[in-house]
Each structure stands twice: as structure tokens, then as C-alpha cells.
Amino acid sequence: MQRRAILGYGAAGVGAVALMLFVGWWQVDGPGGPEPIGQRPVALTAMDFRLTDHEGNAVGPETLIGRPTMAFFGFTYCPDVCPTTLSDISGWLDDLGDEADEMNVVFITVDPERDTVETMAEYVGYFHPAIRGWTGPEEQIARVADGFHATYERVPTESGDYTMNHSASVFLFAASGRFVTMIDYHEPREFAVPKIRRALKEETEGAT
Amino acid sequence: MKKHILTGTLTALLTLGGLSVPALAGPEDVVVENAWSRASIGMNRPGAAYMTISNTGDEPVTLIGLATPLAMMPEIHETKTNAEGVSSMSPAGEIVIAPGESIALEPGGLHAMLMRLQEPMTEGDTFPLTLLFDDGGEVTVEVPILGIAARGPED
Ligand SMILES: [Cu+2]
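Because the structure is a prediction, the values reported are computed rather than measured.

Caption draft 1: A look at the overall build of chain A. In terms of helices and strands, chain A carries six helices and nine strands. The proportion of buried residues among the 208 residues of chain A is 49%. In chain A, once contacts between residues fewer than 6 apart in sequence are set aside, the share between residues at least 24 apart is 69%. By element, 56% of the accessible surface of chain A is carried by carbon and sulfur atoms, the whole surface being about 10200 Å².

Caption draft 2: Representation of the pattern of salt bridges in the model. All names here are of chain A. Taken as a whole, this structure holds eight salt bridges over all chains when the rule is applied. For the salt bridge of Asp-48 with Arg-143, the shortest nitrogen-to-oxygen distance reads 3.0 Å. A residue pair is termed long-range when its members are at least 10 positions apart, and Asp-48 in the loop between α2 (13–28) and β1 (51–53) and Arg-143 in helix α5 (residues 138–148) qualify at 95 residues. A residue is classified by how much of its surface remains accessible, and Asp-48, at 47% relative accessible area, is partly exposed. For Glu-187, the salt bridge goes to Lys-195, with nearest N and O atoms at 3.0 Å. Through salt bridges with shared partners, a single network forms among Asp-53, Glu-55 and Arg-132.

Caption draft 3: Broad picture of the side chain of Asn104(A). Locating Asn104(A) in the fold gives a position in strand β4 (residues 104–109). There is a polar contact of 2.9 Å between the side chain of Asn104(A) and the side chain of Thr69(A).

Caption draft 4: Structural context of the nonpolar core. Core analysis: the largest hydrophobic core is formed by 58 residues, its most contacted members being Met70(A), Ile131(A), Met51(B) and Ile53(B). Aside from chain neighbours lying at most four places away, what touches Ile131(A) is His54(A), Phe72(A), Leu86(A), Ile89(A), Ser90(A), Leu93(A), Val105(A), Phe107(A) and Val124(A). Residues Phe49(A), Val59(A), Phe73(A) and Tyr162(A) belong to the second largest nonpolar core, which totals 29 residues.

Caption draft 5: Quick look at the packing of aromatic side chains. Residue and element names in this part refer to chain A. A full pass over the atoms with the stated rule returns 10 aromatic pairs over all chains. Relative to Phe-107, the ring of Phe-72 has its centre 5.4 Å away and its plane inclined at 15 degrees; by these criteria the two rings are stacked. In this pair, Phe-72 is assigned in strand β3 (residues 69–74) and Phe-107 in strand β4, connecting sequence segments 35 residues apart. Overall, the relative accessible area of 2% leaves Phe-72 in the buried class. Each ring, one from Phe-107 and one from Tyr-123, has its centre 6.1 Å from the other, and the planes form 40 degrees; the classification is tilted. Here Phe-107 is found in strand β4, whereas its partner Tyr-123 is found in helix α4 (residues 117–124), with 16 residues between them in sequence. Tyr-123 gets classed as buried once you look at its relative accessible area, which sits at 4%. An aromatic cluster is defined as three or more aromatic residues linked by ring pairs; in this entry it consists of Phe-73, Phe-148, Phe-171, Phe-173 and Phe-179. Between Arg-114 and the ring centre of Tyr-77, over which it is positioned, the NZ or CZ distance is 4.3 Å.

Caption draft 6: Region of interest: the UniProt feature "binding site: Cu cation" (unreviewed entry) in chain A. Residue and element names in this part refer to chain A. The UniProt entry lists Cys-78, Cys-82 and His-166 under the feature "binding site: Cu cation" (unreviewed entry), expressed in the numbering used here. The largest pairwise C-alpha distance within this set of annotated residues, which runs over 89 residues, is 10.5 Å, so the set is compact in three dimensions. As for its position among the elements, Cys-78 is in the loop between β3 and α3 (81–96). Among the residues examined, Cys-78 registers a relative accessible area of 7% and is labelled buried. Apart from the residues lying within four places of it in its own chain, the contact partners of Cys-78 are Pro-83, Tyr-123 and His-166.

Caption draft 7: Structural view of α5(A). Residue and element names in this part refer to chain A. Along α5, the positions that sit buried rather than exposed are Gln-140, Ile-141, Val-144, Ala-145, Gly-147 and Phe-148. Within α5, the buried residues cover an arc of 160 degrees as seen down the axis, which keeps them to one side. Residues Glu-139 and Asp-146 are exposed on α5 and point more than 90 degrees away from its buried face. Buried residues along α5 sit in contact with β1, β3, β4, β5 (131–135), β6 (152–156) and β8 (170–173). His-149 occupies a position one or two residues after α5 and carries a positive phi of about 55 degrees.

What counts and how
- Sequence order as written defines residue numbering, which begins from 1 separately in each chain.
- Numbering of ligands from 1 and lettering of chains from A proceed in the order in which they are written.
- Reporting of local features is limited, given that this is a predicted model, to residues whose pLDDT is at least 70; pairs of side-chain atoms are given and counted only at 80 or more, and all residues count toward the totals for whole chains, interfaces and linings.
- Heavy atoms throughout the structure, all of them, feed into the side-chain values; hydrogens and water do not.
- In this text, helices come from DSSP runs of H or I with a minimum length of four residues, and strands from runs of E with a minimum of two, each type numbered from the N-terminal end.
- Burial classes: relative accessible area under 20% of the type maximum marks a residue as buried, over 50% as exposed, and values in between as partly exposed (1.4 Å probe, protein chains only).
- When checking whether two residues touch, look at their non-hydrogen atoms; a contact exists if any pair is within 4.5 Å.
- With residues, only the protein chains shown are counted as cover, and all accessible areas are computed by Shrake-Rupley using a 1.4 Å probe.
- The rule for a salt bridge is simple: a side-chain nitrogen of Lys or Arg has to be within 4 Å of a carboxyl oxygen of Asp or Glu.
- Counted as a polar contact is a pair of N or O atoms within 3.5 Å, where, for protein atoms, one must be capable of donating a hydrogen and the other of accepting one, and residues adjacent in sequence contribute only when both atoms are in side chains.
- Residues grouped as a nonpolar core are buried Ala, Val, Leu, Ile, Met, Phe, Trp, Tyr and Cys residues, joined through side-chain atoms within 4.5 Å.
- Any two of the Phe, Tyr and Trp rings considered here, Trp counted by its six-membered ring, make a pair once their centres fall within 6.5 Å; the pair's planes then place it as stacked at under 30 degrees, edge-to-face at over 60, or tilted in between.
- Comment: the charge-over-ring label is applied if NZ (Lys) or CZ (Arg) is within 6 Å of the ring centre and within 35 degrees of the ring normal.
- UniProt positions are given in the numbering used here, feature names are shortened, and annotations may be inferred rather than shown by experiment.
- Directions are taken from the helix axis to each C-beta atom, and the arc is the one they span.

The following block contains the structure:
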């Protein structure tokens, strides 16, 4: 904050232009540019939240440490994107075969009002058995989204209900909890499995 | 791919006064293929249906809405995912299909959003979905209901 204030007041015209050019480069070509999401999630070890899985167990970021993790957001009243993501992930897990057993796969609801533990249990039951469904109080969901730098928003629909806008990427973490990469919603399916394998491989590196 | 099923069940209906109105680019030029949907859990959640709609005629056709006994509020929706990876969906409005073109209703893009279901969508069943066009024409297609985890018409 201090530094920003000094820059703001002290920068002469030339300095400001240089800064703008730098910011432009950073955003377009530089390291701040090509990531599909503006910000990467922090490490799982730096997150702090308490949720409940679909079997009623208390869970948190520490539950995920020790095995690579694939995590994503959604809600069970979602007709299009969420079942598609869950089906895609089920397909990737089938492709990975035994390797999938070494992973945590977590579907975190952004709609805890409708997605109770029982609702999550019923819903994940239709997909790959490795997929766990996590829910919890709204303020805890907000803390998860904070850690992931993910967003969600409740939007009313014409039918009188509401829907949720939400980050649709799939996030991959190493066994150490370090963020590895994400799978964009529209990314071709054949890119996904190699990316997951990369996160699985980082398990050994993360352990050292 | 599942064309054979659809050719059997697809019915084109003209609701205009006469038997046929050859001058219009009517629904007789509209071909619907690979329709499918996912089973629902109960009736509280909206459903979604997908298909390819082709205009084989010489004039543009304009899709203005949907009707089905399955849902009180069927509507064409579009899902969009922005640069930050955030997905949202909203009504797509009228859709013009140019001569010789097709539009794909597919996961993550356009879909027939089935709000206020009147009955659960059960795997193995089908339901009629009517596409409404701006010239008063209608095309009704029988949409197969696949499993909840279905990814496409092949599943
Ligand atoms: Cu929709």
C-alpha cells in the first residue's frame, strides 16, 4: 500500500507511460498474460476451510494433502456445465485406470442452500466412484473460493428459481498441496489426461 | 449417427392454414439429428436437451421457441465461459439458421433448457420437443433420455 501511494504521487509523465507500457506487456505477453484464469489458486497448505463430504465426514484442505488432487466447483441444479464436467472427469478417471486410485477428486458445491450432504451423496453416486462431493456453510464455501481464486454468483432465473455462475475449470494440485495447473472448460479432452498425469508425477517431486 | 432412429420418429408439421406453403422456407427444410438429453433426479432440477438443427432449404429459418409437454418453461439457452473461466447461461433469443447451415445444441453451448419439469426424465424414455419457427412452422422431434452421466448422443 505504502509503495503504491509513493508511485502514484511521485511518478512523472514519462514514468507513468513506462509503467503503463510495462503493465500492458505484463498482461498481454508477459507472465501475467496467457493463464486462462487471472490468478492461480494458493497451495492447499495455505487454505483454511471446514466442509463436510457426501458421507458426512468433516473435511478440509488437509484432507487432500498426501495425494494429488483434482478439484472443481459446481452445483447439482446445474443442467448443462456441471453434469458435463462430472461426465468428462469420470471419463478421464476411466482412462487413467488404476492411477486414478491415487488421486483425490473433489466436487465442491457453490450452492450449499440446495446442495445438502444427502443431495451431494445422491448426485455423485451417478458418476465415477472416486468423485467426492463437498458442501458446507456458505461462509466456508466462500473461503474455499477465496483460496482457489474462483468466483461464483447467484443469479435469478425467469422461472422464479436461481442459477449459479461459477468457475468451471478443473484445478490440479500435487500431493504436497502445491497448485500444478488447471483444465479449462473448453480445452480438448485429449489435453486433460496428460495434465492429470503431470500432477500425479509431481507427487514424487512434491514429496522430496 | 443415430439418424435412423430420428428419421423414424421425426415429424414435420405445418400449422399454417393450407396443406402446404411451398414458397416459404418452412420446417420441411429443417432436419433435426442426434437429439439426446440426460435423465433428471426428480422434478425440481431443470433438464437440458441437445441436437443438431440443419436448414436444408434456400431461405433462412428463424427458431423462436420451444414447446413440450415435459416442461412448462422450455427455452433455448446459451452457456458462455468467459476469459476468467466463469460459466454462465442465459436465454439465447431468436436463432437464425442460414440456408445450408446447421446449429449445434451441445454441452457448454446452446441447449434446450427444460424448466419446470412436469415429470421426471427417466433413462430409456423419450419425450416430444417441438421447435417453433417465426413463420408459424413447427418441427417435433422425439428426444431420447440417456443416463445422467451421458456425454453425447452415442452414450
Ligand atoms: Cu440453461
